[in-house]
Amino acid sequence: MADRQPNPYRPGFNQPPVVFAGRSDVLDGAAEALEIAAYDGRTPRPLILLGPRGVGKTVTLGEIAELAAERHSWPAVHVEVKVGGRMLVELGSRLRDAAQLLAGTEPREPRRRPRVTGGKVEAHAFGIGGEVQLEAAADARSDDGLDAVLRTTMAAAVDAGAGLVITVDEVHNAAPEELALLCGTFQEHVPQGWPVVLALAALPTLRNNRGRRRLPTYLERAEWHDLDTLPPTEAREALVGPAQQAGRPMTPDAADLLLGHAGGYPYALQVAGHFAWRASHGSRSIGVDHARQAVPRIEADLAHLFRSRWDDASPREQEYLQAMAAVAARGEVPKGGAVAAELGVPVTSVSYLRARLLRKGTIYREAGGALHFITPGMGRWILDQDRQD
Ligand SMILES: Nc1ncnc2c1ncn2[C@@H]1O[C@H](COP(=O)(O)OP(=O)(O)O)[C@@H](O)[C@H]1O
Ligand SMILES: [Mg+2]
């Protein structure tokens with residue numbers, strides 16, 4: 001098709017949007033951390049992004065990496081933690097790649113190149129003439145521990161007059177021992193002021209679903225950011241921005257209708273834009289009729305997401321989810337007690353269901369105890385299913 005224009009929406013996970021809306025708190029925090037690391041000769045606190053699936057944790061980590069590249073010409077190392085995976089091995093291997101990349105990089109400001117003196121690196125690279133204790137490490141080998149690889153990579157970074165961003169995604173999947181080791185290693189090197197910014201992302205279960213184990217202190221002292229749905233203005237920007245940029249603007253009526261279905265949930269906004277764009281092929285703008293045509297497809301797509309979570313729950317767990325949805329639909333706060341009351345049983349007899357659903361990441365619990373679905377809109381979907389049965 002000669003006049004086919006590529007769809008500017010990015011429905012799905014881990015897909016950077018064409019227009020990245022909002023999240024200025026996180027980006028400001030990251031920009032400041034980068035400046036501390038690049039100019040003050042201090043290692044800033046790590047950043048942690050916490051939020052349900054589809055709110056944009058992964059793409060926000062990508063934005064942080066881009067910020068580092070644009071403003072400081074720093075490379076980034078990215079790791080996605082898998083269940084039962086070997087986070088530290090993977091991180092080690094990515095760090096080695098980064099060290100090689102940095103070793104081949106010409107210093108940006110040759111005159112300020114750090115000098116290696118007696119096992120220490122003078123960090124003129126930081127612009128303050130401070131001294132960074134960074135032993136000139138030998139080449140890292142694949143069997144080296146995280147500490148050794150990190151030293152080598154940071155030596156290469158300082159040598160290149162640069163620094164490093166490390167982003168770790170899906171941290172809730174990390175084994176507690178691995179997380180403790182990662183944090184311990186970074187904690188230990190804080191006094192050395194390495195130019196490194198660590199940014200992590202996880203489901204909200206990271207905060208409250210670790211049994212009796214506490215999070216490493218290093219993380220407790222981190223800069224925490226809770227990511228939730230986008231506020232109305234930013235949701236609109238995420239929805240209408242890509243169409244606008246692609247030269248097929250969306251009318252305000254169409255945007256209103258689509259926003260009514262997607263809310264401020266970033267995943268749903270991309271899905272909504274995607275199907276509305278499709279429905280409007282051949283038109284110069286996306287109008288309310290196109291939006292109307294797109295609605296069944298948008299709902300089907302989101303239902304798919306909810307269905308997979310639902311099918312993953314046992315019949316008893318499904319009852320619990322139903323009760324949770326019913327309590328929330330009445331406008332009450334669905335805490336454990338209210339859900340048990342809805343089921344007509346004592347709290348203690350269903351707390352194991354709540355624990356299982358928390359562990360699976362189907363629901364999460366706010367600090368005050370309120371329970372939420374990880375994917376917004378799922379409660380409404382469950383009740384709709386119920387009516388159809
Ligand atoms: N700030 C944003 N503006 C526009 N779209 C976004 C934004 N954040 C996320 N998205 C979109 O939402 C979807 C989910 O993002 P993702 O980062 O995979 O979420 P998470 O990692 O929290 O599960 C992707 O399609 C992405 O393009
Ligand atoms: Mg993600």
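Chemist: So what exactly am I meant to see when it comes to the overall build of the protein chain here?
Modeler: Each helix and strand counted, the protein chain has 15 helices and 10 strands in total. In the protein chain, buried positions account for 50% of the 389 residues. Taking all contacts inside the protein chain whose residues are at least 6 apart in sequence as the whole, residues at least 24 apart take part in 72%.

Chemist: Could you clarify how one ought to interpret the pattern of salt bridges in this entry?
Modeler: Across all of its chains, the model carries 11 salt bridges by this definition. The salt bridge partner of Arg-151 is Asp-147, with a shortest N-O separation of 2.8 Å. With Arg-151 and Asp-147 both in helix H4 (residues 146-159) and four residues apart, this pair spans about one turn of that helix. Ionic pairing is found between Glu-317 and Arg-356, a salt bridge with its closest N-O pair at 3.0 Å. Residue Glu-317 is located in helix H12 (residues 315-329), and its partner Arg-356 is located in helix H14 (residues 347-360); the two are separated by 39 residues in the primary sequence.

Chemist: I'm lost on unusual backbone geometry in this one. Help?
Modeler: It is generally the case that most residues other than glycine have a negative phi and that most peptide bonds are trans. Notably, Asn-14 is not glycine yet its phi reads approximately 60°, a positive angle. Structurally, Asn-14 can be placed in the segment before helix H1 (24-39). Overall, the relative accessible area of 46% leaves Asn-14 in the partly exposed class. Positive phi, close to 55°, is recorded for Ser-73, a residue that is not glycine. For Ser-73, the location among the structural elements is in the loop between helix H2 (57-72) and strand E2 (76-80). With a relative accessible area of 41%, Ser-73 lands in the partly exposed category.

Chemist: Can you walk me through helix H3 (residues 87-103) in this structure?
Modeler: Along an α-helix, residues three or four apart share an orientation, since each turn contains 3.6 residues. For H3, built from 17 residues, the straight-helix expectation of 24 Å at 1.5 Å per residue is met to within 8% by its first-to-last C-alpha distance of 24 Å. Looking only at H3, the buried set comprises Met-87, Leu-88, Leu-91, Gly-92, Leu-95, Arg-96, Ala-98, Ala-99 and Leu-102. Taken around the axis of H3, the buried residues stretch over an arc of 165°, which confines them to a single face. Along H3, the residues that are exposed and aim more than 90 degrees away from the buried face are Gln-100 and Leu-101. Where H3 is buried, its residues meet E2, H4, strand E6 (164-169) and helix H5 (176-189).

Chemist: Please clarify how the side chain of Arg-354 should be interpreted in this entry.
Modeler: Within the secondary structure, Arg-354 is located in helix H14. Although Arg-354 lies buried, it forms no salt bridge, and the closest oppositely charged side chain, Glu-317, sits 12 Å away as judged by the N-O distance. Those residues in contact with Arg-354, other than ones at most four positions away along the chain, are Tyr-320, Gly-336, Ile-363, Arg-365 and Leu-371.

Chemist: Even after reading the chapter, I still don't get the packing of H3 against H4, so can you show me in this structure?
Modeler: Pairs of packed helices are described in terms of their axes, by the angle between the two and the distance that separates them. The geometry of H3 relative to H4 is characterised by a closest axis approach of 8 Å and an angle of 20° between their N-to-C directions. Classified by the angle between their axes, H3 and H4 sit roughly parallel to one another. The handedness of the crossing between H3 and H4 comes out as left-handed. From H3, Leu-88, Leu-91, Gly-92, Leu-95, Arg-96, Ala-98, Ala-99, Leu-102 and Ala-103 reach across to H4, where they touch Leu-146, Val-149, Leu-150, Thr-153, Ala-156 and Ala-157. Its residues assigned to classes, the contact of H3 with H4 shows 12 nonpolar, two polar and one charged.

Chemist: Explain the site of ligand 1 to me, please; I cannot follow it from the model alone.
Modeler: As a matter of local geometry, ligand 1 sits amid 21 residues, with Arg-10, Asn-14, Gln-15, Gly-54 and Lys-57 nearest to it. Between Ala-21 and ligand 1, the recorded distance is 2.8 Å, taken from a backbone N or O atom to a nitrogen atom. Out of a free accessible area of 560 Å², ligand 1 has 98% covered by protein chains. Of the residues that make up the shell around ligand 1, three or more belong to each of domain 1 (24-226) and domain 2 (232-295).

Chemist: Would you mind going over the packing of aromatic side chains with me for this structure?
Modeler: Note on aromatic pairs: each is described by the distance of the centres and the angle between the planes. Applying the stated criterion across every chain yields a total of five aromatic pairs. Here Phe-13 and Tyr-267 contribute two aromatic rings whose centre-to-centre distance is 4.8 Å and whose plane-to-plane angle is 20°, an arrangement assigned as stacked. Linking Phe-13 in the segment before H1 with Tyr-267 in helix H10 (residues 266-279), this pair joins segments that are 254 residues apart in sequence. Overall, Phe-13 belongs to the partly exposed group, its relative accessible area being 39%. Classification of Tyr-267 as buried rests on a relative accessible area of 11%. A centroid spacing of 6.2 Å and a plane angle of 75° characterise the contact between Trp-310 and Trp-381, whose relative ring orientation is edge-to-face. With Trp-310 in helix H11 (residues 288-311) and Trp-381 in helix H15 (residues 378-388), this residue pair connects regions lying 71 residues apart in the sequence. Owing to a relative accessible area of 9%, Trp-381 belongs among the buried residues under this scheme. What links up through ring pairs into an aromatic cluster is the set Phe-13, Tyr-265 and Tyr-267.

Chemist: Quick question: what am I supposed to make of the confidence of the model for the protein chain here?
Modeler: Residues shown with low pLDDT carry predicted positions that ought not to be read at fine detail. Looking at the protein chain as a whole, its pLDDT mean stands at 86, while 86% of the residues score no less than 70. Least confident of the elements in the protein chain is strand E4 (residues 120-123), whose mean pLDDT is 38; most confident is helix H8 (residues 232-245), at 97. Note on residues 110-143: pLDDT under 50 across the span, and 69 contacts to partners over four residues away in sequence or across chains.

Chemist: How do you make sense of the pairing of strand E7 (residues 196-202) when you look at a structure like this?
Modeler: Each regular strand displays side chains that alternate between the two surfaces of the sheet. Counting buried positions along E7 yields seven of seven residues, so the element is predominantly enclosed. Residues Val-196, Leu-198, Leu-200 and Ala-202 of E7 are buried on one face, and the alternating residues Val-197, Ala-199 and Ala-201, pointing to the opposite face, are buried as well. Strand direction decides the pairing type here: strand E1 (residues 47-50) and E7, joined by four bridges, are parallel. Across the sheet, residue Leu-50 finds its bridge partner in E7, namely Ala-202. The pairing of E6 with E7 spans five bridges and is classified as parallel. Opposite Val-168, over in E7, you have Leu-200 as the bridge partner. Between the parallel elements E6 and E7, the chain passes through H5 in a crossover that is right-handed.

What counts and what doesn't
Every residue gets a number counted from 1 within its own chain, in the order that chain's sequence is written. Chains carry letters and ligands carry numbers; both start at the beginning, A for chains and 1 for ligands, and go up in the order they are written. The model is predicted, so local features are restricted to residues of pLDDT at least 70 and side-chain atom pairs to those at 80 or more, both for listing and for counting; the totals for chains, interfaces and linings are taken over all residues. As a convention, hydrogens and water are excluded, and side-chain values are obtained from all of the structure's heavy atoms. Under the DSSP-based scheme used, a helix requires at least four consecutive residues in state H or I and a strand at least two consecutive residues in state E, with every element numbered from the N terminus. The cut-offs for exposure are 20% and 50% of the maximum accessible area for each residue type, with area from a 1.4 Å probe on protein chains only; residues under the lower value are buried, those over the upper are exposed, and the others partly exposed. Between two residues, a contact is recorded if the distance between any of their heavy atoms is within 4.5 Å. Criterion for a salt bridge: a side-chain nitrogen of Lys or Arg within 4 Å of a carboxyl oxygen of Asp or Glu. The span one expects for a helix is its residue count, reduced by one, times 1.5 Å. The arc in question is formed by the directions pointing from the helix axis toward the C-beta atoms. In this tally, Asp and Glu contribute negative charge and Lys and Arg positive charge; neither His nor the terminal groups of the chain are included. Note on definitions: angles span 0 to 180 degrees between N-to-C directions of axes, and those axes are lines fitted to C-alpha atoms, for helices only across the stretch in contact. Orientation is classified from the angle alone, with under 35 degrees giving roughly parallel, over 145 giving roughly antiparallel, 65 to 115 giving roughly perpendicular, and any other angle giving oblique. Handedness of each helix crossing follows the sense of rotation of the near helix against the far helix: counterclockwise by less than a right angle gives left-handed, clockwise gives right-handed. Note that Gly is not counted as nonpolar here; it falls among the polar residues with everything else outside the nonpolar set of Ala, Val, Leu, Ile, Met, Phe, Trp, Tyr, Cys and Pro and the charged set of Asp, Glu, Lys and Arg. A cutoff of 4 Å decides nearness: a residue is near a molecule or strand if any of its heavy atoms lies inside that distance of it. Any N or O atom pair separated by 3.5 Å or less is treated as a polar contact, with the protein-specific requirement of one donor-capable and one acceptor-capable atom, and with residues adjacent in sequence counted only for side-chain atom pairs. We get accessible surface area from the Shrake-Rupley algorithm with a probe of 1.4 Å; when it comes to residues, only the shown protein chains can shield them. Segmentation into domains, and thus their bounds, comes from an automatic or database assignment. By convention, a stacked pair of Phe, Tyr or Trp rings (six-membered ring in the case of Trp) has centres within 6.5 Å and planes under 30 degrees apart, an edge-to-face pair has planes over 60 apart, and any other such pair is tilted. Think of pLDDT as the predictor's per-residue confidence, scored from 0 to 100. The pairing criterion is simple: DSSP has to find at least two bridges between the two strands. When the strands point away from the viewer, a crossover counts as right-handed if the path from the first strand over the helix to the second runs clockwise.

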